[in-house]
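Here are the chains, one letter per residue:
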Amino acid sequence: MDPVLAVSVAAVDVLGTTYRYPALVGAGLITQVGERARKFLHGKTCAIITDSTVASLFADPVERSLTSAGFKPTVITIPAGEKSKTLRQAGAICEQMIAAGLDRQSFVVGLGGGVIGDISGFVAAIYHRGISHVQIPTTLLAMVDSSIGGKTGVNTANGKNLIGAVHQPSLVIDDVDVLKTLPRREFNQGFAEVIKHAIIADAKMFGMLQSWEASEALALQQLICRNIKIKSKIVVKDERDRTGKRALLNFGHTVGHAIERAGDYRKFLHGEALSLGIVAACAVSIKRAGLAPRQRDAIVDLLQQFDLPTCRPKNFQREKIFGALKFDKKFEGGTIRFVVTPKIGAAHVTNDVTLSDIREAVAAL
């Protein structure tokens, strides 16, 4: 990536009926974590939960910043990757927090990508029946999506996030400088969630992405803020994911999660699996929601612009995907709740989609 330019910190107010927290977006925020956290948190002790990849880059400056602000942090490092998102790992983290003397006034800092945000948030939700959580996402994908909205969880052998809790963070800190450290593939996968947001809620942003060339801090800051606003507006309509309004955010995820599982969470990054899921959801949308084929083509072209996959690898068996579909938690009571788009910028949940429709879309990948 090109060198980032200095930008002022932008604050997006994430507001719900039972919560309110700021998402701070800017450059150089990693070294300001302590002073930023001090404005919102009053406990003395905290745990920095991170992974083996991120720890070598950012754990020390975050720990120093928290210490300088008068906190007593304990760094807990887990293996990087989706395989760490388990109940056993969450329990091990809790045991380390107990040993370090963390109490009900303590807080958890999740320093990493989506996996760390999910498991650190889950630990915060269950430790002493719930303590504060600070999200410091280090990937574009986590900044624009998973760090907002309070969904936390761990995986089981049968699927993603089948055990979890809704636990809103107290503070989100997005430092665009950290994105300079991401490999291009990791950086680009974040655009799958950005494109998803554009498809379901922001046709203007979709057009902007079609001519996207910038990667400097200011452009990224504005893009991240825009996506946080999109997600938070949807979440507030259905905070606990009960009415179906929040389900719009699952566009592309039914097939995407199945592809992740079929690949043993190693073959594809989340954004890559989501990209394939978006293509499948577009095929279903043409059949069930009247999506124009030319708009489907525009979506595929945009995914390809960010080097995201739009076709199943030839050596990746479709039957594995079919087998993984049944574990999706959106298949409720035998009924499939599937998100379709009638046009770019709009989406809705329908029960009219059949498993045959989904299998047909997967077969076409």
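Cut-off values and rules
Residues numbered from 1 in each chain as written. Predicted model: local features only at pLDDT ≥ 70, side-chain atom pairs only at ≥ 80, totals over all residues. Heavy atoms only, no water. Pairing = 2+ DSSP bridges. Helix = DSSP H or I, 4+ residues; strand = E, 2+ residues; numbered from the N terminus. Axes fitted to C-alpha atoms, helices over the stretch in contact; angles between N-to-C directions. Contact = heavy atoms within 4.5 Å. pLDDT = per-residue confidence, 0-100. 1 Å grid on protein atoms, 1.4 Å probe; cavity = no way out; pocket = protein on both sides within 12 Å on 5 of 7 lines; lining within 4 Å. Points joined across faces, edges and corners; volume = space filled by probe spheres on them. Nonpolar A, V, L, I, M, F, W, Y, C, P; charged D, E, K, R; others polar.

A.B. asks: What's the story with the sheet that holds strand E6 (residues 132–137) in this structure? I'm lost.
C.D. replies: Across a sheet, paired strands are connected by hydrogen bonds in the backbone, their directions being either parallel or antiparallel. Strands sit in the order E1-E2-E9-E6-E5-E3-E4 across an open sheet of seven strands; the sheet is mixed. Edge positions in the sheet fall to strand E1 (10–15) and strand E4 (72–78), since each of these pairs with one other strand and no more. On average, adjacent strands in this sheet sit at an angle of 20° to one another, irrespective of strand direction. Note that strand E3 (residues 45–51) and E4 share seven bridges and pair parallel. Looking across to E4, one finds that Thr50 is bridged to Thr77. Relative to E1, helix H8 (residues 217–235) is tilted by about 5°, and along the sheet it contacts E1, strand E2 (20–26) and strand E9 (171–175).

A.B. asks: Where do I start with the confidence of the model for the protein in this structure?
C.D. replies: Mean pLDDT for the protein: 93, with 96% of residues reaching 70 or above. Of the regions scoring below 50 in pLDDT, residues 1–5 engages in twelve contacts with residues more than four places distant in sequence or in other chains.

A.B. asks: Looking at this model, I keep getting lost on the layout of surface pockets. Mind explaining?
C.D. replies: If a probe the size of a water molecule is rolled over the atoms, the empty space left behind becomes visible. A volume near 200 Å³ is recorded for the second largest pocket. Lining the second largest pocket are Ile200, Ala201, Asp202, Arg226, Lys229, Ile230, Lys233, Ile234, Lys237, Lys245 and Leu248. Secondary-structure elements contributing two or more residues to the lining of the second largest pocket are helix H6 (184–201) and H8. Here the element with the most residues in the lining of the second largest pocket is H8; it accounts for five residues. Broken down by class, the residue content of the lining of the second largest pocket amounts to five nonpolar, no polar and six charged.

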